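Structure assessment
What follows is the residue order along each chain.
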Amino acid sequence: MKGLRKYLSPFTPDQSGAVSVLFHYGGMLIIMDAGGCVGNICGYDEPRWDKKKSAIFSAALRDLDAILGRDELLIQKTKEALGDIDAKFVGLIGTPVPAVIATDYRALKRLMETDYEVPVVPVETNGIDMYDEGVSKAFLQILKNYLYEEGGSGARFIANGSLEQKAISLEELGKLGKLGDLGKIDKSNASERVGVLGFTPLDTPGSGDYEDMVTALREQGVDNPVIYGMNDTLEDVAAAAHVDRNIVVSPGGVKPARWLRDKYGVQYEICYPLPQERSDGFAHKVMEHEPKKVLIVHQQVLANSLRDVILEASKDKSLERVDVASWFMMSKEVRHENDTKLNEEDELMKLVDAEGYDMVIGDPLIKRALPGWKGTFLSLPHFAISASLYSSSSDEEYWQKAGDEVK
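Throughout what follows, the structure given in this document is the object of discussion. This one's a predicted model, so the numbers in the text were calculated from it and none came from an experiment.

Looking only at helices and strands, one finds 17 helices and 13 strands in the protein. Among the 407 residues that make up the protein, the fraction classed as buried is 57%. Partitioning the contacts of the protein with sequence separation of at least 6, the portion at a separation of at least 24 is 70%.

Take the environment of F282 next. By secondary structure assignment, the location of F282 is in helix α13 (residues 276-287). Along the sequence, F282 and V100 sit 182 residues apart, while their C-alpha atoms lie 45 Å from each other. Setting aside residues no more than four positions away along its own chain, F282 makes contact with L306, I310, I361, L380, W399, A402 and G403.

Let us now look at the sheet that holds strand β4 (residues 120-123). With parallel pairing, four strands are arranged side by side in an open sheet as β2-β1-β3-β4. Only two strands of the sheet have a single partner each, and these edge strands are β2 (55-58) and β4. Sheet twist, expressed as the average angle between the axes of neighbouring strands with direction ignored, equals 20°. Each of β1 (28-31) and β3 (90-93) touches helix α4 (residues 71-82); the most contacted strand, β1, lies at about 150° to it.

A separate point is the sheet that holds strand β5 (residues 194-197). What the four strands build is an open sheet, ordered β6-β5-β7-β8; its pairing is parallel. At either end of the open sheet lies a strand with only one pairing partner, and these are β6 (226-227) and β8 (267-270). In the sheet, β5 pairs with strand β7 (residues 245-248) via four bridges, with the strands oriented parallel. For V196, the partnering residue across the bridge sits in β7 and is I247.

One can describe the packing of α13 onto helix α14 (residues 300-313) by two numbers: an axis separation of 9 Å at closest approach and a directional angle of 65°. Taken together, the axes of α13 and α14 lie roughly perpendicular to each other. Judged by the sense of rotation from one axis to the other, the crossing of α13 with α14 is right-handed. Taken together, the residues of α14 that come into contact with α13 (itself represented by S279, F282, A283, V286 and M287) are L306, V309, I310 and A313. Classifying every residue of the contact of α13 with α14 by side-chain character gives eight nonpolar, one polar and no charged.

This next bit is on the packing of aromatic side chains. Counted according to the given criterion, the structure contains seven aromatic pairs. Ring plane angle 50° and centroid distance 5.4 Å describe the contact between F11 and W327, whose orientation is recorded as tilted. Of this pair, F11 sits in the segment before α1 (14-22) while W327 sits in the loop between β10 (321-326) and β11 (340-341), and the two are 316 residues apart along the sequence. Take W327: its relative accessible area is 4%, and that puts it in the buried class. Between W259 and Y264, the ring centres sit 5.8 Å apart and the planes meet at 75°, which makes this aromatic pair edge-to-face. Classification of W259 as buried rests on a relative accessible area of 16%. Relative accessible area serves as the criterion here: at 21%, Y264 is assigned to the partly exposed category. The ring of F11 is capped by R5, whose NZ or CZ atom sits 4.3 Å from the centre of that ring.

Following the sequence through the fold, Y390 ends up in the loop between α16 (383-386) and α17 (395-401). On the basis of relative accessible area, Y390 is assigned to the partly exposed category, the value being 30%. As for Y390 and F89, which are separated by 301 residues in sequence, their C-alpha atoms are 33 Å apart.

The next subject is helix α7 (residues 131-146). An ideal rise of 1.5 Å per residue puts 22 Å on 16 residues; α7 measures up with 23 Å between its terminal C-alpha atoms. In terms of residue burial, α7 counts as a mostly covered element, since twelve of its 16 residues are buried. Along α7, the residues classified as buried are Y131, D132, G134, V135, S136, A138, F139, L140, I142, L143, N145 and Y146.

On to helix α6 (residues 105-116), then. Its twelve residues place the ends of α6 16 Å apart at the C-alpha level, agreeing with the 16 Å of an ideal helix rising 1.5 Å per residue. Three or more residues of α6 are buried, namely Y105, A107, L108, K109, M112, E113 and Y116. Turning to α6, the residues buried within the fold contact α4, β3, α5 (96-100), β4, α7 and α8 (153-160). Between the side-chain oxygen of the N-cap and the backbone nitrogen of R106 there are 3.2 Å, and the N-cap of α6 in question is D104. Just beyond α6, the residue with positive phi is E117, at close to 60°.

What counts and what doesn't
- Residues numbered from 1 in each chain as written.
- Predicted model: local features only at pLDDT ≥ 70, side-chain atom pairs only at ≥ 80, totals over all residues.
- Heavy atoms only, no water.
- Helix = DSSP H or I, 4+ residues; strand = E, 2+ residues; numbered from the N terminus.
- Buried < 20%, exposed > 50% of the residue type's maximum accessible area, 1.4 Å probe, protein only.
- Contact = heavy atoms within 4.5 Å.
- Pairing = 2+ DSSP bridges.
- Axes fitted to C-alpha atoms, helices over the stretch in contact; angles between N-to-C directions.
- Parallel < 35°, antiparallel > 145°, perpendicular 65-115°, else oblique.
- Left-handed = near helix turned anticlockwise from the far one by under 90°.
- Nonpolar A, V, L, I, M, F, W, Y, C, P; charged D, E, K, R; others polar.
- Phe/Tyr/Trp six-rings, centres within 6.5 Å; stacked < 30°, edge-to-face > 60°.
- Lys NZ or Arg CZ within 6 Å of the ring centre and 35° of its normal.
- Expected span 1.5 Å × (residues − 1).
- Polar contact = N/O pair within 3.5 Å; in protein donor to acceptor, adjacent residues only side chain to side chain.

Following this line, the structure appears as structure tokens:
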């Protein structure tokens, strides 16, 4: 039956993915709901909520407010809240309510920016799609609003200190030092600068800890990467067209990276860099069980990198193949022949039985969806599936658990 869940809890929705991207930037995020969605986002879907500050509000839409489209009430409440909060921008995050009544986000953006003189970043999520759709939309929106070349309200605010429709000279910005560490526009005179797209706590190790990513890239000769949504600033976003290349670490980062490549020539690669120590430790745990057929169930990019690690460690072993499956986005660019896009809960059991996998690697909660299966299940927690049930507060803690057998 479509949508039936007997073993798994609901996965993190797109609105939470959007919040995860914008959480770090110092904006005031307004969830366009009646009050329930914001509770789920802060209570279950955002692992940084109890550790770091971020201004997240509910629009508190009442039935008649939503039905009659009383946008002036939302605009007035937001203006009052801005009087108490030093917000760099206002983020509007969609839920099922505005999706059903066809809220005009572009009109709201124009009205709010005229009234507040603060950039407004609308993300048209619907509360129904998966979190990675929200991640993708949020990255695209913040790039389109803040990239200097796009001339959006965010770019004008950084360049001019206001939303005034004034031309932005990239050469002048370079002289003023407003292009991050690049200084001049001429890339030939700049040291390599690498951006990381798609990194959020929802599908990466450590619930927001990015030290392993920095370490892995340093091992590859990359210093001081710009990890968008984690260790960057809005000025870094504004200069995103001037990095030398991007590394996409989750499917949610593919569309923004492709947009930057097609419009501004910034090349990208899709992979999840891992420190050698983590790779070796995980491969050792897997190969101890001498598997024949392995299925990794996680976000596609991390799963692909772990597949490469396992295959490299199994050259002298009897391992036949390692495949990837996911309920989330599966980019065609890095999808292998036997990889599978899952839609329903029971499709996992059917896949495992049909292909004869003797090892499954995934979030521990997934094991409940394999009743009667006699193979080996190894832990690889995925926050978007099990939230805080199996989460870790650091990369170190995550990899201590990853690869352990789930009984």
